[in-house]
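As a plain string of letters, each chain reads:
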Amino acid sequence: MKIGCPKEVKPQEFRVGLTPNAAQEAVAHGHGVMIQTGAGAGAGFDDADYAAAGARIVETADEVFATADMIVKVKEPQPAERKMLREGQLLFTYLHLAPDPGQTHDLLASGCTAIAYETVTDDRGGLPLLAPMSEVAGRLAPQVGAWTLQKANGGRGVLMGGVPGVGPARVLVIGGGVVGTHAARIAAGMGAEVTVLDRSLPRLRYLDDAFGAQFRTGYSSSGLLAEHLGEADMVIGAVLIPGAEAPKLVKRAQFAQMKPGAALVDVAIDQGGCFETSKPTTHADPIYDVDGIMHYCVANMPGAVARTSTIALGNATMPFMLALADKGWRQACTDDPHLLNGLNVHAGTLTYYAVGRALGINVVSPQLAIKT
Ligand SMILES: NC(=O)c1ccc[n+]([C@@H]2O[C@H](COP(=O)([O-])OP(=O)(O)OC[C@H]3O[C@@H](n4cnc5c(N)ncnc54)[C@H](O)[C@@H]3O)[C@@H](O)[C@H]2O)c1
């Protein structure tokens, strides 16, 4: 198979769909790999790394799209990229179609087959191609929160670990899933006193078993949340209700009870945010102040650490990418129902029910689509 990887064109996107290691694996499996010049630069990989891996470097995205059987990317195709997709071509990338009718219609019109990273599943009910980015955002959250807490940034001027004779920062993590667990671990590792609230008792049991005394856990109720808010120097929002907008768990009226200069890091901002006052920000201008409470609400946190994120994503996508290349998408999806769950679009039909419901478009089951 000819595998093509263009340079990402979405603003502020520095990741790349294929690492040199992934390219090398694909070449070792007998496939041809084509990468657009400079595609890996933002993640610290230069053309020579890809050439050494056996990939062919091409000048333009047009060349990649015109030649490749499978396009491997990071972000959803932008309008100019969608025009280059063609019938029978396989697209393997993040899509997030439900809130994006324009992209959905373009993908349907192109006749391509599109497998979305975010809907591929695993045996434990998880989302293996979304998890690495949650791990990155979770581990980054205390780091950016600590920066936000610095006085010059408008924060309270509190050091995460304190010093001998001065107590540590208190960090409240709301939501103990992938983001929350990684955030709590890092915050505790920085020496902060950490509490994680979740609504799932099995999750709280897991956290208690796995992390013991590293941090405390609590059942998320509005009463307990209010109690902890008054004590917190930093609050990390990490809730997710799958398929729904994030619940607004902290209201502006509650800021009066909080410590002035406390930091709110709303990782759930990509689902609308879990603080009433959250609005998406960018890496260029990440924080803002509401009533003396500092908000960090960057919607693509992993982009700040593009190299780590690219390698983490590549580790997760590589086995699927190789299966698709080795067997073709039909056989790969027949052999692996979790990969089939990633099928969103095939030959002009939508194959993912939640997207169809959100956009009012008829859906053909992926099991049926695979036969056409
Ligand atoms: N901003 C970014 O760059 C970025 C990056 C990665 C992930 N995210 C987002 O972070 C959020 C969390 O992702 P995740 O992978 O950890 O999800 P997850 O499903 O692993 O965890 C979510 C947790 O929230 C809990 N929860 C639900 N309602 C709650 C409530 N009312 N109170 C307390 N806990 C509650 C769930 O029980 C679950 O344990 C998602 O919105 C995700 O899209 C953002």
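Please read all numbers here as calculations on a predicted model, not as lab measurements. (Residues numbered from 1 in each chain as written. Predicted model: local features only at pLDDT ≥ 70, side-chain atom pairs only at ≥ 80, totals over all residues. Heavy atoms only, no water.)

1. Quick notes on the overall build of the protein chain
Part 1 of the argument: Helices and strands together make up the secondary structure of the protein chain, namely 14 helices and 15 strands.
Part 2 of the argument: The C-alpha radius of gyration computed for the protein chain amounts to 22 Å, which stays within 12% of the reference 21 Å derived for 372 residues, consistent with globular compactness.
Part 3 of the argument: Projected onto its principal axes, the C-alpha positions of the protein chain cover 65 × 45 × 35 Å.
Part 4 of the argument: For the protein chain, buried positions account for 52% of its 372 residues. (Helix = DSSP H or I, 4+ residues; strand = E, 2+ residues; numbered from the N terminus. Rg over C-alpha atoms; globule rule 2.2 N^0.38 Å. Buried < 20%, exposed > 50% of the residue type's maximum accessible area, 1.4 Å probe, protein only.)

2. Brief notes about the site of the ligand
Part 1 of the argument: The environment of the ligand is formed by 29 residues, the closest being Ser-134, Val-179, Asp-198, Asp-270 and Met-301.
Part 2 of the argument: Contact distances for the ligand include 2.7 Å between an oxygen atom and a side-chain N or O atom of Ser-134.
Part 3 of the argument: With 3 residues, helix H6 (residues 131-148) is the single largest residue contributor to the shell around the ligand.
Part 4 of the argument: The residue makeup of the shell around the ligand, split by class, is 17 nonpolar, 8 polar and 4 charged. (Near = heavy atom within 4 Å. Polar contact = N/O pair within 3.5 Å; in protein donor to acceptor, adjacent residues only side chain to side chain. Nonpolar A, V, L, I, M, F, W, Y, C, P; charged D, E, K, R; others polar.)

3. So, a nonpolar patch on the surface
Part 1 of the argument: Taken together, the side chains of Leu-159, Val-163 and Val-166 present a nonpolar region at the surface, about 280 Å² in accessible area.
Part 2 of the argument: Along the chain, Leu-159 turns up in the loop between H6 and strand E7 (170-174).
Part 3 of the argument: Classification of Leu-159 as exposed rests on a relative accessible area of 56%. (Patch = residues over 30% accessible without salt bridge, like charges linked within 9 Å, V, L, I, M, F, W, Y side chains within 5 Å. Areas by Shrake-Rupley, 256 points an atom, 1.4 Å probe, with all protein chains shown as cover. Salt bridge = Lys/Arg side-chain N within 4 Å of Asp/Glu carboxyl O.)

4. Focus on the side chain of Thr-113
Part 1 of the argument: Take Thr-113: it is sitting in strand E6 (residues 113-116).
Part 2 of the argument: Discounting residues that sit within four places of it in the chain, Thr-113 has contacts with Gln-89, Leu-90, Leu-91, Trp-329, Leu-343, Val-345, His-346 and Ala-347. (Contact = heavy atoms within 4.5 Å.)

5. Looking at the packing of aromatic side chains
Part 1 of the argument: Summed over the entire model, instances satisfying the criterion amount to 5 aromatic pairs.
Part 2 of the argument: Between the aromatic rings of Phe-45 and Tyr-50, the centroid separation amounts to 6.4 Å while the plane-to-plane angle is 80 degrees, which identifies the pairing as edge-to-face.
Part 3 of the argument: Here Tyr-50 falls in the buried class, since its relative accessible area comes to 1%.
Part 4 of the argument: When the centroid spacing of 6.4 Å and the interplanar angle of 90 degrees are considered together, the rings of Tyr-206 and Phe-211 count as edge-to-face. (Phe/Tyr/Trp six-rings, centres within 6.5 Å; stacked < 30°, edge-to-face > 60°.)

6. Examining the pairing of strand E1 (residues 2-5)
Part 1 of the argument: Where E1 meets strand E2 (residues 32-36), 4 bridges bridge the pair, whose relative direction is parallel. Counterpart to Lys-2 in the pairing with E2 is Gly-32.
Part 2 of the argument: Note: E1 against strand E4 (residues 70-72), 2 bridges, orientation parallel. In the sheet register, Gly-4 faces E4, and the bridge partner there is Ile-71. (Pairing = 2+ DSSP bridges.)

7. Side note on the side chain of Thr-148
Part 1 of the argument: As for its placement among the helices and strands, Thr-148 is situated in helix H6.
Part 2 of the argument: Judged by its relative accessible area of 0%, Thr-148 is buried.
Part 3 of the argument: Setting aside anything within four residues of it in sequence, one finds Thr-148 in contact with Asn-153, Gly-154, Gly-155, Ala-263, Ile-287, Met-294 and Tyr-296.

8. Brief notes about the state of the cysteines
Part 1 of the argument: The tally for this structure, following the rule as stated, stands at 0 disulfides.
Part 2 of the argument: Looking at the unpaired Cys-5, the closest cysteine sulfur is the one in Cys-112, lying at 16 Å.
Part 3 of the argument: For Cys-5, a relative accessible area of 0% corresponds to the buried category.
Part 4 of the argument: The structure places no disulfide on Cys-112, whose sulfur is separated from the nearest cysteine sulfur, that of Cys-333, by 13 Å. (Disulfide = S-S within 2.5 Å.)

9. Quick look at unusual backbone geometry
Part 1 of the argument: The backbone of His-96 sits at a positive phi, close to 50 degrees, despite the residue not being glycine.
Part 2 of the argument: By the element assignment, His-96 lies in the loop between strand E5 (90-93) and helix H5 (101-110).
Part 3 of the argument: Despite not being glycine, Asp-291 has its phi angle at roughly 55 degrees, a positive value.
Part 4 of the argument: Relative to the elements of secondary structure, Asp-291 occurs in the loop between strand E12 (287-290) and strand E13 (293-296).

Everything listed here is a matter of coordinates, which is why it stays silent on function.
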